[in-house]
Amino acid sequence: MANINLKAREIEVKIVYYGPGRGGKTTNLEYIFKTFRKQVTGEMVSTKTEGDRTLFFDFLPMGLGKVKGYDIRVQLYTVPGQVKYAATRKMVLKDADGVIFVADSLQARRIKNMESLKDLHLNLKDYGVNILKIPLVLQYNKRDLAEAGIPLLTTHQMEMDMNRQLRVPSFPASALTGDGVGPTLKACLKLTLQSLKTEMGW
């Protein structure tokens, strides 16, 4: 449930980037932080874990306008993707208003993507949240690697693997070049605000 500050007339929503280790979650956040620097209200906070990072920063998206006279403030988080950080991942996911699942397009990472999506499903379930009900967007990252001749899964294959039942918006992307990063976040924010309006009966 979004955090509503009546005094400051602000609604704080939490968006979590989820997915397998080294899939590009951190790179997404770094690109957003750099590109939308003027809209970022705080510094990027990074908690280093061995071989992985958990990051978060405040982000004040422009152009979203006000909802019932309230400003929207967004907090973006990434989870550590490695299997051994299961507890941290679950903790970061707590109270998420929306989720962006960053899948790795490398053929070699197919199973890791599916395991990570299952992990998301189970963690949400533990919090009493249905994966089919939470605002969720899929991002098929690292599409730029095709140019280097690296074997990638087709977006069709990734849709079949991960989005056949979910039927949520999905975007091919390259967090490194920034392709698809903005549209992914925008789609998730849109779904999150729609969900919030329904929840509040607005």
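In the block above lies the structure referred to throughout.
Just so you know, these numbers come straight off a predicted model, no measurement behind them.

A. Region of interest: the environment of tyrosine 77. Locating tyrosine 77 in the fold gives a position in strand S5 (residues 71-78). Through-space distance from the C-alpha of tyrosine 77 to that of isoleucine 100 is 9.9 Å; in sequence the pair is 23 residues apart.

B. Examining the nonpolar core more closely. Counting 24 residues, the largest nonpolar core has Ile11, Tyr17 and Leu76 as the members making the most contacts within it. Beyond its immediate stretch of four places on either side in the chain, tyrosine 17 contacts Lys25, Asn28, Leu29, Ile32, Leu76, Tyr77, Thr78, Val79, Ile100, Val102 and Leu185. Within the second largest apolar cluster, 23 residues are counted, among which are Ala103, Leu136, Tyr140 and Met158.

C. Region of interest: the side chain of arginine 109. In this structure, arginine 109 sits in the loop between strand S6 (98-104) and helix H3 (110-126). A relative accessible area of 19% places arginine 109 in the buried class. Within the structure, the side chain of arginine 109 is placed 2.3 Å from the backbone oxygen of glycine 21, a separation counted as a polar contact. Arginine 109 has contacts with Pro20, Gly21 and Asp104, leaving out every residue within four places of it along the chain.

D. Region of the structure containing the pairing of S6. Most of S6 is tucked away: seven of the seven residues are buried. On S6, burial covers both faces: Gly98, Ile100, Val102 and Asp104 on one face and Val99, Phe101 and Ala103 on the other are all buried. With four bridges joining them, strand S2 (residues 10-18) and S6 adopt parallel strand pairing. What sits directly across from isoleucine 15, in S6, is glycine 98. Both S6 and strand S7 (residues 136-141) contribute to a ladder of six bridges, which runs parallel. In the strand pairing of S7, phenylalanine 101 is matched with leucine 138. Crossover handedness for the path S6 to H3 to S7: right-handed.

E. Quick look at the packing of H3 against helix H4 (residues 155-163). The N-to-C vectors of H3 and H4 enclose an angle of 30 degrees; their axes lie 10 Å apart at closest approach. Judged by the angle between their axes, H3 and H4 are roughly parallel. Where H3 crosses over H4, the two elements pack in a sense that is right-handed. For the pair H3 and H4, contact is made by Arg110, Asn113, Met114 and Leu117 and by Gln157, Met158, Asp161 and Met162, respectively. Partitioned by chemical class, the residues of the contact of H3 with H4 number four nonpolar, two polar and two charged.

F. Main features of helix H5 (residues 181-200). Along its 20 residues, H5 runs 29 Å from first to last C-alpha, staying within 8% of the 28 Å computed at 1.5 Å per residue. Three or more residues of H5 are buried, namely Val181, Thr184, Leu185, Ala187, Cys188, Leu189, Thr192, Leu193 and Leu196. At the C-terminal side of H5, glycine 201 shows a positive phi close to 70 degrees.

The rules we used
- Residues numbered from 1 in each chain as written.
- Predicted model: local features only at pLDDT ≥ 70, side-chain atom pairs only at ≥ 80, totals over all residues.
- Heavy atoms only, no water.
- Helix = DSSP H or I, 4+ residues; strand = E, 2+ residues; numbered from the N terminus.
- Core = buried A, V, L, I, M, F, W, Y, C linked by side-chain atoms within 4.5 Å.
- Buried < 20%, exposed > 50% of the residue type's maximum accessible area, 1.4 Å probe, protein only.
- Contact = heavy atoms within 4.5 Å.
- Polar contact = N/O pair within 3.5 Å; in protein donor to acceptor, adjacent residues only side chain to side chain.
- Pairing = 2+ DSSP bridges.
- Right-handed = clockwise from strand over helix to strand, strands pointing away.
- Axes fitted to C-alpha atoms, helices over the stretch in contact; angles between N-to-C directions.
- Parallel < 35°, antiparallel > 145°, perpendicular 65-115°, else oblique.
- Left-handed = near helix turned anticlockwise from the far one by under 90°.
- Nonpolar A, V, L, I, M, F, W, Y, C, P; charged D, E, K, R; others polar.
- Expected span 1.5 Å × (residues − 1).

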